[in-house]
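Observations on chain architecture
Read off the chains here:
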Amino acid sequence: MRPALTHQTPPPSPAMTSHSPSSSTVASKRSKSSSKEALYPSFADLPSSLVEIIMSRLVLKDNIRASAACKSWLDAAVFVRVVENPPWLFYMSKRGRSLKLVDPLQWKSYTLELPEIDKSTVCYSRDGWLLMRRSITKDFFFFNPFSLELINLPKFKAPYSEIAFSYPPTCDNCIVVALNFKVQQRVTIRTCHPGATEWITSVFPIQYQQFYNKTKIVYHNDRFYCFNMGRESLFSFHPSSRTWKSYPQANMDPTLTQEWYKKEFYLAESKGKLFLMLISVNEEPMVYKLVSWTWKKMSPSEFDGLTFFVSFYNSELRTNLPWLRNNVCFSRFGYNRRHVSYSFDQSRYNPSMEWHNGLELCPRQSLWIDPPNNVLDYL
């Protein structure tokens, strides 16, 4: 009788053997991985608040480059990315009560009829407001061409050379400053603010009386600055302490001041820095930045997307505007009904014939003005 067969499972072949890691092995690997991450952390693991702070300190070009690193950096870069709005070109007709507003990016124009400015002239512009003077009474007043607000100032009968204001007249810290250099070896400064009943006058001695070619006044770090082609090239007035200061070390290269009457000078402020532009016939505009109270000439590679908007009444600076990077935008219309500009990247004026025709690049009929965010609601 044959014995009963018993079923036996053959031993697994080496190729079929499966080694399941023990829980202690998995924990050990995880521990090593965590230790490695602690020793070599990734920039992608930085807290989002810290990444946003880093991104907020970058210029737009570097912000865009950094956003390509990873998704967390992209989110932070887009969150803090700020694109500045350009000022609009404000063109006054010779009739005095109608004006044209032009968007320099879209090149759409809008015409407004403003009887409030009839028989008045513009003296200065800042933050969307105009400082104007009536032709007959010679009184100064603020006017907003968008909201149509009008704010009168105290009577002013004295002569002045330059005038400016610090903040919009709706702000409590708005101060108006008028400078007069027409008396030999002294400067007379008069100040007031919206709601005041009179102007306050101060007189300061000056060493020289060579105020040949002055820029418009620029408000910067609680002081009013102005540049002049005389020996006291840069000077300032502090309204709170009523102190006057000159900066003899901020003189220009003497070779640049030769034939000063053929040059135009524009002073502007941006992000805590003062910039000075010199424009001469048939030459590339020269740009200087004030560094340690010394004017340092900037090369086009250092502009990093700056756009200069200059007019007879004011100068504005913006960064990284589409189609306008490294440009100077003058307040004059060209033959194609666009403003005349100069491109540092292309080293030429546009339209090219404007400059050679000897036309005034910054006529008195036009200036640059900051529109409100909802500007189209007013048009």
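Residues numbered from 1 in each chain as written. Predicted model: local features only at pLDDT ≥ 70, side-chain atom pairs only at ≥ 80, totals over all residues. Heavy atoms only, no water.

What about empty space enclosed by the protein?
Picture a little ball the size of a water molecule; that probe, rolled over the atoms, points out where space is still empty. The condition is simple: Only protein atoms enter the 1 Å grid used here. Points where a 1.4 Å probe fits but cannot escape make up a cavity, open sets with protein on both sides within 12 Å along at least five of seven lines make up a pocket, and a residue lines them when an atom lies within 4 Å of a point. Grid points are joined across faces, edges and corners, and a volume is the space filled by probe spheres set on the points. Helix and strand definitions here come from DSSP, where helices need a minimum of 4 consecutive H or I residues and strands a minimum of 2 consecutive E residues; each element is numbered from the N-terminal end. When residues are sorted by character, Ala, Val, Leu, Ile, Met, Phe, Trp, Tyr, Cys and Pro go into the nonpolar class, Asp, Glu, Lys and Arg into the charged class, and all the rest, Gly among them, into the polar class.
Considering all chains together, one arrives at one cavity of 30 Å³ or more under this definition. Counted as a void, the largest cavity has a volume near 30 Å³. Around the largest cavity sit Tyr266, Leu267, Ala268, Phe275, Leu276, Met277, Phe308, Val310 and Ser315, which together line it. Sorting the residues of the lining of the largest cavity by element identifies strand 16 (263-270), strand 17 (273-280) and strand 20 (306-310) as the ones contributing at least two each. For the lining of the largest cavity, the residue count by class is eight nonpolar, one polar and no charged.

A few points about the side chain of serine 120
Rules: Each residue's exposure class comes from its accessible area (1.4 Å probe, protein chains only) as a fraction of the maximum for that residue type: buried when under 20%, exposed when over 50%, partly exposed otherwise. The contact criterion used throughout is that any non-hydrogen atoms of two residues lie within 4.5 Å.
With respect to the secondary-structure elements, serine 120 resides in strand 4 (residues 120-126). Residue classification places serine 120 among the buried residues on the basis of a relative accessible area of 14%. For serine 120, the residues in contact, after removing those within four places along its chain, are Met132, Arg133, Arg134, Ser135 and Phe141.

Remarks on the pairing of strand 2 (residues 98-102)
Worth spelling out the cut-off: Pairing between strands is defined by DSSP: at least two bridges between them are needed.
Counting buried positions along strand 2 yields four of five residues, so the element is predominantly enclosed. Across four bridges, the pairing between strand 1 (residues 88-92) and strand 2 is antiparallel. Its bridge partner being in strand 2, leucine 89 is matched across the sheet by valine 102. Two elements, strand 2 and strand 3 (residues 109-113), share five bridges in a ladder whose sense is antiparallel. Residue pairing across strands places lysine 100 opposite threonine 111, the latter belonging to strand 3. Between strand 2 and strand 3, which pair antiparallel one after the other, the connecting turn spans six residues, and tryptophan 107 there sits at a positive phi close to 55°.

Functional significance is not addressed by these values, which are geometric in nature.
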